[in-house]
Amino acid sequence: MDTMDLDHVTQISREDLEELKEAFDKIDIDKSGFVSDFELQELFREASFQIPGYQVRELVETFMAGDTNKDEKISFEEFVSIYQELKSRKFSETFKKVISRRDGIRSFGGTSGISSEGTQHSYSDEEKVAFAKWINKALSKDPDCQHLLPMNPDNESLFTSVRDGILLCKMINQSQPDTIDERVINTKKLTTFTMTENLVLALNSASAIGCRVVNLDAHNLMAGKPHLVLGLYWQIIKVGLFADIEISKNEGLIALLRDGETLEDLMSLSPEELLLRWVNYHLTNAGTQTINNFSDDIKDSRAYFYLLDQVASQEGLEFKRGITIDMNGLNERNLEQRAELMLRQAARMDCRQFVSPQDVTSGNSKLNLAFVANLFNMHSGLQGNKVNKSDAHIEPETREEKTFRNWMNSLGVSPHVNHLYRDLCDGLVILQLLEEVKVPVNRKRVNNPPFSSRGGNMKKLENCNYAVELGRDVAHFSLVGVGGQNLNEGSTIHTLALVWQLMRRYTVMVLSDLGDGEKIGDMIILNWVNTTLKQKKESQISSFKDNQISTSLPVIDLIDVIAPGTVRWEMVKKPLKGKKLDNDEKVNNAKYAISLARKIGARVYALPDDLVEVNPKMVMTLFACLMGHGLKKAKQ
């Protein structure tokens, strides 16, 4: 089914559609564009609609009977169709929007971005409690957060905690260490202006690690809008939880290979899929039933009891810490009490985070996923598995690949990009990126998932051919030797060639005052940099390969010109007479420069190492972003 154009839906208001999409995206954890049939009940609950469980089961049975794809998955368009049918049925009076607190869901008034009429946004009390407790633990010893911590999970502290931006910056570094140079965070004598600076720094840094912040700004966060705060915190927390759930960082995961599979098959799995397989690996070893999801299948806590027992024994915790999992809780008939007994065992392993007994028994998929991810990170139980290095050559993700991937995800592409080449081989993400850089895409020519096992790859290849055609003929990219088949096969060099040109065009589009993005050459940016520097500085650069850039001093000088008073020069390392900066001093300056650029409002994806090593591509994007910010400021 083609992606639905929300503007052409007449039976449902735009406000309702917006809320349905928001709810759908929360349940669609892996950003595949689909939810499973068993998640429908939770999807309705997330959308703040009341519908009895038996009616949901009837809907699922009816839907599956007419599911021509036989994929047992529901797209957003299909979910909207189910919603429309419900409204026309005789029991529609039971399908009522919640306007008060119910079952852990709170609603509050707001204004839609596409309507002046009031609309209802809901948020989950369970998420609020879970995230507040997680942050309390993660930052309990941080001296800069003592004015905010510990937060009371039972009130609105989580939403007001973001106001000064400090907690958000700290949580970003908790999830991705060294993303923000903490010397740049304003922590003393805070004013509205300095708090706004912190929030701008946090948002631009969140974008750099792959969080989608397109519809967020400092004003929204300072106002503490619950659904926006929860959404941003979840993205940041998830980045940290999933950071090491990949084979290049944890080769023990190779133990999850099944008969007949290749390493490539395993590496193509998302973190969510790897976690599910990890759980089932331990459940199989325990000789008990495996699970298919982190919602319905874990409600009775049986899988968790056996998982904890297996992990504890594999890690030798009974010998190291004297921890033996008490399995007697399985005899408890009350599921909520059983869940509490299970969580007490998890607490002995310091892994009782994210879920309450009620979150387990209700099958809250998001919080249960977080619980399992944290358990994996603490105790994977895979350390003892021997890996034959000769059979498993694993190339870690390069810095450039990671930068491109984070850039794509920050734009909200679907599905979420976990692996740069494998997740681009169907052409869908590339086509979305082309739309982001103002290249018109004829959606009638796009093949959408699910792709069948027979003929599915041909549909993907058609998408890739179309993407290359648009890139070459409409965007005028240099794609000599690049064909759709190269993208479809995951060719590194050809994919990078196209992706880089997409990112370059996206970056220079901020320079709208100078004309169309693709027409802005490097010399225009270079000349602006040198002309601006001449106003107050002596430094100049000859190109984006100039070795002076390795010191970051030209970048810091430029920031000082376009945002006077931002640079604290005592933090900057300058070469002594007759000497050069050593590598540590260069890194120190680069971290400071990147965070300063983000703090003044430049959405920079370049990393400190890009400056130290003078990577001309990323250096160009950094200066282009600063140019865009400088021109915008001059125009105001």
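Residues numbered from 1 in each chain as written. Predicted model: local features only at pLDDT ≥ 70, side-chain atom pairs only at ≥ 80, totals over all residues. Heavy atoms only, no water.

Student: Explain the overall build of the protein chain here, please?
Tutor: The secondary structure content of the protein chain amounts to 27 helices and four strands. The burial tally for the protein chain puts 55% of its 636 residues in the buried class. Accessible surface computed for the protein chain: about 29000 Å², of which carbon and sulfur atoms make up 48%. (Helix = DSSP H or I, 4+ residues; strand = E, 2+ residues; numbered from the N terminus. Buried < 20%, exposed > 50% of the residue type's maximum accessible area, 1.4 Å probe, protein only. Areas by Shrake-Rupley, 256 points an atom, 1.4 Å probe, with all protein chains shown as cover.)

Student: What exactly am I supposed to notice about the environment of Asp-16 here?
Tutor: Summarising the element assignment, Asp-16 is placed in helix α1 (residues 14-27). Look at Asp-16 and you get buried, because its relative accessible area is 17%. Residues Asp-16 and Ala-47, spaced 31 residues apart in sequence, show a C-alpha to C-alpha distance of 9.4 Å.

Student: How should helix α13 (residues 302-314) be read in this particular structure?
Tutor: For an α-helix, the turn length of 3.6 residues means that residues three or four places apart are oriented alike. Under the 1.5 Å per step criterion, the end-to-end length of α13 is 18 Å for 13 residues, consistent within 8% with the ideal 18 Å. Of all the residues in α13, the buried ones are Ala-303, Tyr-304, Phe-305, Leu-307, Leu-308, Gln-310, Val-311 and Ala-312. Gly-316 sits one or two residues past α13 and shows a positive phi near 65°. (Expected span 1.5 Å × (residues − 1).)

Student: Help me understand the nonpolar core in this model?
Tutor: Here is a general trend for soluble globular proteins: nonpolar side chains tend to be buried in one another's company. Membership of the largest hydrophobic core comes to 171 residues, with the highest contact counts inside it found for Trp-278 and Ile-525. Broken down by element, the residue count for this core peaks at 11 residues, all from helix α10 (residues 226-242). Among all residues touching Trp-278, those that are not within four sequence positions of it are Leu-256, Leu-307, Val-311, Val-372, Leu-375, Phe-376, His-379, Ser-380 and Leu-382. The next biggest cluster of nonpolar side chains, apart from the first, holds 16 residues, and it includes Leu-17, Phe-24, Ile-74 and Ile-82. (Core = buried A, V, L, I, M, F, W, Y, C linked by side-chain atoms within 4.5 Å. Contact = heavy atoms within 4.5 Å.)

Student: Quick question: what am I supposed to make of the packing of α13 against helix α15 (residues 335-348) here?
Tutor: Each pair of packed helices can be described by the angle between their axes along with the distance between the axes. The interhelical angle for the contact between α13 and α15, taken along N-to-C directions, is 20°, at an axis separation of 10 Å. When the axes of α13 and α15 are compared, the pair comes out roughly parallel. Viewed along their axes, α13 and α15 form a crossing whose handedness is left-handed. Facing α13, whose interface residues are Arg-302, Tyr-304, Phe-305 and Leu-308, α15 presents Arg-338, Leu-341, Met-342, Gln-345 and Ala-346. Per-class residue counts for the contact of α13 with α15 are six nonpolar, one polar and two charged. (Axes fitted to C-alpha atoms, helices over the stretch in contact; angles between N-to-C directions. Parallel < 35°, antiparallel > 145°, perpendicular 65-115°, else oblique. Left-handed = near helix turned anticlockwise from the far one by under 90°. Nonpolar A, V, L, I, M, F, W, Y, C, P; charged D, E, K, R; others polar.)

Student: I tried to follow the packing of aromatic side chains on my own but got confused; where do I start?
Tutor: Under the criterion given, the structure shown has eight aromatic pairs. Each member of the aromatic cluster is reached from another via a ring pair, and the members are Phe-24, Phe-76 and Phe-79. Across from the ring centre of Phe-76, 5.5 Å away, lies the NZ or CZ of Lys-21, which sits over that ring. (Phe/Tyr/Trp six-rings, centres within 6.5 Å; stacked < 30°, edge-to-face > 60°. Lys NZ or Arg CZ within 6 Å of the ring centre and 35° of its normal.)

Student: Can you walk me through the packing of helix α8 (residues 192-208) against helix α25 (residues 583-599) in this structure?
Tutor: Where α8 meets α25, the closest approach of the two axes is 7 Å, and the angle between their N-to-C directions is 115°. Judged on the interaxial angle alone, α25 and α8 are roughly perpendicular. The way α8 lies across α25 gives a crossing that is right-handed. Of α25, the residues touching α8 (which contributes Glu-197, Val-200, Leu-201, Asn-204, Ser-205 and Ala-208) are Ser-595, Arg-598 and Lys-599.

Student: When you look at α25 in this model, what are you seeing that I'm missing?
Tutor: Taking 1.5 Å per residue, 17 residues should reach 24 Å; α25 reaches 24 Å between its end C-alpha atoms and fits that length. A large share of α25 lies buried, amounting to 12 of its 17 residues. If you check which residues of α25 are buried, you get Lys-586, Val-587, Asn-589, Ala-590, Tyr-592, Ala-593, Ile-594, Ser-595, Leu-596, Ala-597, Arg-598 and Lys-599. The elements touched by buried residues of α25 are α8, α24 (553-562), α26 (608-612) and α27 (616-635). In this structure Asp-582 caps α25, since a side-chain oxygen of it lies 3.2 Å from the backbone nitrogen of Asp-584. Downstream of α25 by one or two residues, Gly-601 has phi in the positive range, about 115°. (Polar contact = N/O pair within 3.5 Å; in protein donor to acceptor, adjacent residues only side chain to side chain.)

Student: For this particular structure, what's the right way to read the pattern of salt bridges?
Tutor: Side-chain pairs of opposite charge can arise whenever the charged atoms involved come near each other. Following the criterion strictly, the structure yields 26 salt bridges and no others. Here Glu-197 ties to Lys-599 by a salt bridge, and the two come within 3.9 Å at their closest N and O atoms. Residue Glu-197 is found in helix α8, and its partner Lys-599 is found in helix α25; the two are separated by 402 residues along the sequence. Pair check on accessibility: Glu-197 and Lys-599 agree, each one buried. Across the salt bridge formed by Asp-473 and Arg-472, the nearest N and O atoms sit 3.1 Å from each other. (Salt bridge = Lys/Arg side-chain N within 4 Å of Asp/Glu carboxyl O.)

Student: What is the right way to read the side chain of Asp-423 from this model?
Tutor: Tracing the sequence through the fold places Asp-423 in the loop between α18 (399-410) and α19 (428-436). One buried charge, Asp-423, has no salt-bridge partner; the nearest side chain with opposite charge is Arg-422, at 6.0 Å. (Lys, Arg positive; Asp, Glu negative; His and termini not counted.)

Note that every value here comes from positions in space, so none of it alone points to a role or purpose.
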